[in-house]
Amino acid sequence: MTDRSHRTHDSSLFPSAFRRKPIAALLIAGLAISSAPVHAAGEKTATELQGELNRANAEIQQLKRELEKSRGTPAAVAPAAAPVVASPPTPEEAVAAVKPQSLDSVVIRSRRQLEKLHDVPVSVSVVSGGELAREQASDFEAITKRLGNITFNQNNTRGSSLSIRGLGRRGFTETQDPSVGIIVDGVPYGLSQLGNFDFYDIQSVEVARGPQGTLQGKGASAGALTITSKAPSFTPSSDLEITYGQRETVLLKGALGGPIVDDLLAWRGSFVVDNQRGYYTVAEDSNKQLDTMYNRNRVSARTQFLLTPSADFNAKLSLDIQPRAPQLQNGLTNFVDTPLNYANGTLVDPSGTGNRTRLNRSWFAGRSFDYNTFINSITREGKVYQNETQGQTASSSGAVAELNYNLNDTHTLTSITGYRQYTFQARNDEGTPFDISKLGGGSVFYNQASQEFRLTGKPNKLIDYQTGIFLLRTEDEVESRSGYGADAGAWFANNAQYGTLITNAGTNVGAGRSLATDSLSGLYKWGEQYIKTFSKAIYGQANIHLTDQLTVTAGLRIGTEARSTTQFNALNNFGYGTALNPVSVRIDGAGNTQSLGGFSSVAYTTASVANGTAGNLTGTNSAAQLAQANAVAQKYFGVASYAELSVAQKAQVAAAKAIRASQIATLVNNVRSDYKDQIHSAVLSPKYKINDDITAYASWQYGEKSGSALVVNGIPTTVKPEKTNAYELGVKSFLLNKTLTLNADVFLMDIKDYQQTVVAVDDFATQDNIKNGIANPTAYASVQGNVNKVQVSGVEVDATYNGIPFTSFRLAASYNDARYKDFKNAGKPSELAYLSNPFIDRSGSRLGEAPFWQANLSGEYRRPVLGDKVFHASFTTAYTGKANTDELISNYAWVPDHATTDLAIGLGHVRGNYDVTFIAKNAFNDTAHEQGWASYTPYPYPRWYGIVFSGKL
């Protein structure tokens, strides 16, 4: 935010009491504007203005009483990002206040003591709800474009995450804490995905960079994003906004409230209805509601109540809900023509498990879809091809109770009780119209309960402090599903298996087709993870004012973490191929097995096919197993017993069994992993006020992110805690007669045991590949893990300029150099799969999703016209430098530098009674993307424009 300049003025026009009350002075300016049409300064006489101000005095006094009633409520004392004017305005300033100007100070809620942004000795940025609303920035993707050095890592509702200074990206895991904390209306979110919905009726958004946790809530190792909703008020209000736009967009927002019982109970209700078709279409989907990718189908509502029975106590209750609604995000994939050869000349797909080979098989020929249709369908037609599109269904709801009690003139006790519930269900497809994947995907059923008690005190001029305790309990049930259709066997077979069953089957091709179909058709694999966490912490932070110029901030947090993960995988439906089951499968890391009732025969391998033994019975079969083998011979070949099968026919049975066994893989029988630890955070930050306009500071922030418990290939595993030391030197300044605010810092962050998605060798799949003669047989599983050392250094600048009449500009720019300092066991990207070593050394490489340069530039022009009208225009441009979207740092995953620009232009009434605004998002249609080895995900938000009608009812 910016800072308003001091100007010379005639204080005789205002009572002296108002000179001592900055909020009252601000209210006078606002009421003066709302009392009469806006003209150029000087058109009204001082006498006329004085009369209007006198008429406003009674209302001012009422507002002051309301402020006193809500004493102790941060939203009532000073809303985040609200201006605090140091002295009353002149008549000319009162009239011109409609113009954007600078602010003497900005208060931020993430510091909880409503400190001035200019005085906060760490890197912090604030954006007001008004700035977000002017171009309809309502989700993480849009909000992060308006704050400095924070990135939204786009994925579906479950898989997306936030990064600060290039740190924080995570994959699809619920066992890992976010590196970037999210705090909404005082409640920390245990999972990033709880925030992947529309935000509305926002008061402010703040981002604090570097480790957090000594002031409030849950600790975070990279930074925190704090979102504050507009609070109830005793002043009646009712606002409505309707948007019509491209792709059948209808967006309805509303907020209303006021007193229920004067001076005792107030309320505020807000809602949003968001319906919009996506840009990309689904070619094979007949469901009108889900035939576009990244459609919007959201309804959200919030109700709040404010109780103020005395000047020393107030309570706020907030209830919100977003009911379940289907959206379609999974599967926005443009498949590209994968290279035929690696850099060393070897074949990329010698075993025939790639898309090119699969789609060119005779099984899929003549079905109006082939490899040429498959690749580049989005580039060519703006379409994806799916037949199992059922979208993803997500919901969120919660409640917050905040109690504030002024114990005396120097201490305030605050209690925040929060509860949140979140669900996610997805049905996925492999990207073709064939009957391959059935009911695949996953579900999440999550809830959290938190309790925080805070004591804020300022006993004397030497010290002010805040201390508290925080408790958080979460429960999470995560389901995974894999289902298979009639085409799955032909799809998942390798070249050798497909040749045995189909291509080289001769007169046995009919039986081979039946075996290929039944090998997987109807098979349904289901798994669950039960994840529980219990976090406890005590924290405190104090500002010690050694002199009028020198203040030292020190804080400490000590917490404990208790976590457990229990995993279970099973076959819910054997489908049509029960007789082709393996004899048994592994169910845990100890080597225990579970019987699946199949008969024992020689496995399908290159050697067994060559020597004619593939599919031969091993002699260890029971009578029931022999009967099952005979049933297979009768069903597929029409002979009475298995012994009557030819060598080629037995090989066909072995091939079908191998296809089935590869997809069943391992099962897990209630394997549990536990993690317990003590977690610490600390801050030490001296600041020196050089003069009224310049403050310099240095800071050391230390933070630990909890480790976690997980199960990998049936083996209990733990991830070590992430430990961050962050160092920062900064200056915060007002320049050019306070029309320019310039905050800048340099920083260095050293992270030990950085948590991110890593790869582990999948022993079962590797052995299966070796057995089946797969070239480059080493298989990997993506899991949560640690990188030994990561380091980030850079520069951040946050500036605002308001020296041009009617105009304001804001710039947030950063340079980050985020690198792996010690990462010797990194996974190989696709183009390096031919290398013999299972891992490569990425030490010295840049992190994924961590561009060197980022910059957000925004501007607004507001000018009185036509008497009581206001013309306004604004823009926001978000620039992102070249970055890699793959955590394996593939050379095919670099996205070039690019920028998106949102524009708005409109005309409204000076009092906000009505407004009409034209909005264009991504106005220049920037859709930069990576090249992709086999595929890439296009940018989901091409150019969109619409018109917004808003006003007060």
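Bear in mind that the values here come from a model prediction, so they are computed numbers and not experimental data. (Residues numbered from 1 in each chain as written. Predicted model: local features only at pLDDT ≥ 70, side-chain atom pairs only at ≥ 80, totals over all residues. Heavy atoms only, no water.)

(A) Structural context of the overall build of the protein chain. Within the protein chain one finds 17 helices and 40 strands. Looking at the protein chain as a whole, 57% of its 953 residues are labelled buried. Across the protein chain, the fraction of contacts at a sequence separation of at least 24, relative to all contacts at a separation of at least 6, is 71%. For the protein chain, the exposed area adds up to about 36600 Å²; of that, 55% sits on carbon and sulfur atoms. (Helix = DSSP H or I, 4+ residues; strand = E, 2+ residues; numbered from the N terminus. Buried < 20%, exposed > 50% of the residue type's maximum accessible area, 1.4 Å probe, protein only. Contact = heavy atoms within 4.5 Å. Areas by Shrake-Rupley, 256 points an atom, 1.4 Å probe, with all protein chains shown as cover.)

(B) Seen up close, the pattern of salt bridges. As enumerated under the stated definition, the model contains 43 salt bridges in all. The partner of arginine 134 in a salt bridge is glutamate 135, with the nearest N and O atoms 3.8 Å apart. The pair formed by arginine 134 and glutamate 135 is uniform in burial state, with each residue classed as buried. In this structure, arginine 296 and aspartate 198 form a salt bridge, with 3.3 Å as the shortest nitrogen-oxygen distance. (Salt bridge = Lys/Arg side-chain N within 4 Å of Asp/Glu carboxyl O.)

(C) Main features of a nonpolar patch on the surface. A cluster of nonpolar residues, Tyr405, Leu407, Leu413, Phe453, Ile469, Ile538, Leu556 and Ile558, forms a patch on the protein surface that exposes about 680 Å² of accessible area. With respect to the helices and strands, tyrosine 405 occurs in strand 17 (residues 392-406). (Patch = residues over 30% accessible without salt bridge, like charges linked within 9 Å, V, L, I, M, F, W, Y side chains within 5 Å.)

(D) How the structure looks around the environment of aspartate 817. Counting through the fold element by element, aspartate 817 comes out in strand 32 (residues 807-822). Residue aspartate 817 is classed as buried on the basis of its relative accessible area of 19%. Note: C-alpha distance between aspartate 817 and proline 851 (34 residues apart in sequence) is 7.8 Å. Discounting residues that sit within four places of it in the chain, aspartate 817 has contacts with Gln791, Val792, Ser793 and Phe852. Engagement of the side chain of aspartate 817 in a polar contact is seen with the side chain of arginine 819, the distance being 2.7 Å. (Polar contact = N/O pair within 3.5 Å; in protein donor to acceptor, adjacent residues only side chain to side chain.)

(E) Looking closely at unusual backbone geometry. In this model, aspartate 263 sits at a positive phi of 65°, which is unusual for a non-glycine residue. As for its position among the elements, aspartate 263 is in the loop between strand 9 (249-261) and strand 10 (265-276). Overall, the relative accessible area of 34% leaves aspartate 263 in the partly exposed class. With a phi angle near 60°, asparagine 737 is a residue other than glycine that sits in the positive phi range. If you trace the backbone, asparagine 737 turns up in the loop between strand 29 (722-735) and strand 30 (740-761).

(F) Focus on empty space enclosed by the protein. Going through the model one piece at a time under the given rule, you end up with 19 cavities of 30 Å³ or more. The volume enclosed by the largest cavity comes to roughly 410 Å³. Gln276, Arg296, Lys921, Tyr941 and Trp944 are the residues nearest the centre of the largest cavity, which is lined by 28 residues in total. The set of elements that each furnish at least two residues to the lining of the largest cavity consists of helix 7 (140-143), strand 9 and strand 10. (1 Å grid on protein atoms, 1.4 Å probe; cavity = no way out; pocket = protein on both sides within 12 Å on 5 of 7 lines; lining within 4 Å. Points joined across faces, edges and corners; volume = space filled by probe spheres on them.)

(G) The nonpolar core, seen in detail. Core analysis: the biggest nonpolar cluster contains 55 residues, and Leu167, Val205, Leu225 and Val790 have the highest contact counts within it. When residues no more than four places from it in sequence are discounted, the contact partners of valine 790 are Leu167, Met749, Asp750, Ile751, Tyr754, Arg819, Tyr820, Lys821 and Leu847. If you look at the next biggest cluster of nonpolar residues, it comprises 48 residues, including Leu501, Leu520, Ala651 and Ile664. (Core = buried A, V, L, I, M, F, W, Y, C linked by side-chain atoms within 4.5 Å.)

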